[in-house]
Amino acid sequence: MSSFQQTFEALDPSIREMLNISNTARCSIYWRARHKKIHATYHKPASGPAQRDPQCDEGLLFQCASLFKVFIAASLVLIIDKLSSDPRTTDRYRKLEGAWNKPFTVVFNDLVGVEDDRMRPLPGNPSVLQVLLHYSGVYDINHILLAPDGTPLQCPHDVVKRISQYAEDTCEQQGEGERRIIYSNANYILLALLIDKASGSLNEFLEEYIFMPFKMKRTFLTRQNLHAYSNESQRQPHIVSSDGHRHMFRPGTTLGLSDVVEIAWLGPYTSATDLGLFFEGLQSAKDGEPIGLFDRAVVESLGSSKSRINDQAGYTPYGLYTSLNSTGPGSHSLNRLISPDGSFTTYVLGKASGGEEISVFYLAGSATGWASTVYFIPNKSISVIVLTNTSGPLDASDLISRLCLHEILELRPSKAGSWAISHFLPSWSIIHPPERYRAYYVELARRIFKENALKVKELEQHDDQLDTPTSDCPDLPGIYFSSGNGQNLHIIDWKGEHNEEKEGVLRVFIQSGTKSCQKLRFVKKGEKFRICSPGTFSALAIDCFDAWKNRDFEVERDNVGVKSLSRQGVYLKNYFIRDKP
């Protein structure tokens, strides 16, 4: 057994214990360092401890969510730096020559041409490059992209029609001197739409220029292909409650993949093997072995541009470039989303044993039922990929990936940072250093789960409400329209799936064009009404820790009855005006 293999084997007990603590159903780990690689998969039964699969299950699939941003960035680099100057390509590609520093909407509208599909200028006219780097772009729009139950809502036409007004309205909320770097799914949705217009099809572009050259055969952009080449058990997301119980999230339902907007922010379904092939290919191109259009210049372009957050971090096309000796690693994990200022989620990895400060490209992808992490260090030929199909109080991918980095790079956290956990460990002084740091991560997992479980419990308690009889507010049912996001709130008198109940209760569903969410409970709380999960054993999306944290609606009445509903969002107050019968 090689020393590389021995290193991973030494981590195996700690990995399994962290999967036990988080109650993660499936996990796939792929790491590569200096031309050696390991791929291992794990499963945890409903009852019983986590186990490493005797044979690595390369068929496991995971929805990559924001990990997909690197593919959007890579596609754009290929178009602008390569295809736009190639005389053999179409006129649409050539329109993007030199597009990096041109205003995004000017470039987009030049491709569209048709008046109805044109986009109004964004505030400040950010360039294509600025949107790519989350600089002067658009604030997050997750509350518009999806309903509280995780159902995608927006379609491409809705985004093009309304994104500029939303950007103007949110820009007005920004105080003078506030920083202009705001990480947002909206920016990469815009870029995906641009690629789709330039190429004629985002999906076909990705297949031709990335997936095929890199031999990525387990990445699926359509439901038809996903269902044809995988079974449900290979792609089923799970959620864990505050008390540690796990259940499947919306079994039999595949969220995402309907259009460019959904693919841009929820991402395709992929495997650790395919992601490993992609980052391995980038490493080869950097080292002088091109793959397709990916050569050293393209790879360097992906890592060179940076919007500077501080002295230690900034956004690049690869993702967040950050020092390991900072709170940057883990900053986009589900752990940090649930407890942004938690006592344990902001711990620092530290420096190498020789005192070297190491910086990495960091990506994280979280959606309800999915949590994944990638670290890429091209100057050391290192990549670490951890994918899981479970969301809950502990994002295991966050900790397992950092433990792998810790071992590979022989990192040493500061004494001050390690004390927060070390004083919980008995006989700390007699544990040998390697075992000490592995024990550190396991105990850290316990502490993060316990800390985040309090937040999850709070969400569960807010959601655990009795139905409101429609007879308590008979003037409420109706359709309410928001001109700001183009969505309708349908409030109905629900008497069961088959209209079998004598007394109705309030239900609500959100509709945007042809898309709509499940019927959700609409519960009276004082003078307000709260959106709650559909019913027993159902759950809300992880975005209820952020974009949908406030699910309470105020009611405005006039002498006729209910006139409008409104909800205070993260940035704006959303108004829904009642349609006249």
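A few points on the structure. Since this is a predicted model, take the numbers as computed values, not measurements.

### Some remarks on the overall build of the chain
A count of helical and extended segments in the chain gives 17 helices and 25 strands. Relative to its length of 581 residues, the chain is compact, with a C-alpha radius of gyration of 24 Å against a globular reference of 25 Å. If you line up the chain on its principal axes, its C-alpha atoms span 75 × 65 × 50 Å. A total of 581 residues make up the chain; the buried ones form 59% of that total. Nonlocal contacts in the chain, meaning residues at least 24 apart in sequence, comprise 65% of its contacts between residues at least 6 apart. For the chain, the exposed area adds up to about 24200 Å²; of that, 49% sits on carbon and sulfur atoms.

### Digging into unusual backbone geometry
Phi angles above zero are rare outside glycine, and Ser 136 is one such case at about 60°. Inspection of the secondary structure puts Ser 136 in the loop between helix H5 (128-132) and helix H6 (142-145). Judged by its relative accessible area of 12%, Ser 136 is buried. A positive phi is found at Glu 410, a non-glycine position, where the angle reads about 55°.

### Quick word on the sheet that holds strand S2 (residues 36-43)
Strand order across the open sheet formed by 9 strands is S3-S2-S1-S14-S13-S12-S10-S9-S8, with antiparallel pairing between neighbours. For this open sheet the edge positions go to strand S3 (51-52) and strand S8 (307-310), each flanked by a neighbour on one side alone. Sitting on the sheet, helix H1 (residues 3-22) is in contact with strand S1 (26-33), S2 and S3, with an inclination near 25° to S2.

### Examining helix H7 (residues 156-171)
Its 16 residues place the ends of H7 22 Å apart at the C-alpha level, agreeing with the 22 Å of an ideal helix rising 1.5 Å per residue. Maximum bend of H7: about 45°, positioned at Arg 162. All of the buried residues in H7 are Asp 158, Val 159, Val 160, Arg 162, Ile 163, Ser 164, Tyr 166, Ala 167 and Thr 170. Buried residues in H7 make contact with helix H4 (104-112), H6, helix H8 (185-199), helix H11 (260-266), strand S17 (478-482) and strand S19 (505-512).

### What to know about H8
With 15 residues, H8 should cover 21 Å at 1.5 Å per step; its first-to-last C-alpha distance of 21 Å lies within 8% of that length. Counting buried positions over the 15 residues of H8 gives 13, a clear majority of the element. Of the residues that open H8, the one with a side-chain oxygen 3.0 Å from the backbone nitrogen of Ala 186 is Ser 184. Positive phi shows up at Gly 200, right after H8, with a value of about 95°.

### Structural notes on the sheet that holds strand S6 (residues 246-248)
Reading across the sheet, the 3 strands line up as S6-S5-S15 and stay open at both edges, with mixed pairing between neighbours. Two strands close off the open sheet at either side, each with one partner strand: S6 and strand S15 (390-391).

### Observations concerning the pairing of S2
Strand direction decides the pairing type here: S1 and S2, joined by 8 bridges, are antiparallel. Directly across from Ile 29, in S2, lies its bridge partner Ala 40. Connecting S1 to the antiparallel partner S2 that follows it, the hairpin turn spans 2 residues, and Arg 34 within it adopts a positive phi of roughly 50°.

### Here's the deal with the nonpolar core
Judged by nonpolar contacts, the single largest core of 95 residues is most densely connected at Phe 71, Phe 104, Ile 210, Phe 278, Leu 282 and Phe 294. Formed by 52 residues, the second largest nonpolar core is a distinct cluster that contains Leu 11, Leu 19, Trp 31 and Ala 40.

Criteria and cut-off values
- Residues numbered from 1 in each chain as written.
- Predicted model: local features only at pLDDT ≥ 70, side-chain atom pairs only at ≥ 80, totals over all residues.
- Heavy atoms only, no water.
- Helix = DSSP H or I, 4+ residues; strand = E, 2+ residues; numbered from the N terminus.
- Rg over C-alpha atoms; globule rule 2.2 N^0.38 Å.
- Buried < 20%, exposed > 50% of the residue type's maximum accessible area, 1.4 Å probe, protein only.
- Contact = heavy atoms within 4.5 Å.
- Areas by Shrake-Rupley, 256 points an atom, 1.4 Å probe, with all protein chains shown as cover.
- Pairing = 2+ DSSP bridges.
- Axes fitted to C-alpha atoms, helices over the stretch in contact; angles between N-to-C directions.
- Expected span 1.5 Å × (residues − 1).
- Bend = angle between axes of the 7 residues up to and from the residue.
- Polar contact = N/O pair within 3.5 Å; in protein donor to acceptor, adjacent residues only side chain to side chain.
- Core = buried A, V, L, I, M, F, W, Y, C linked by side-chain atoms within 4.5 Å.

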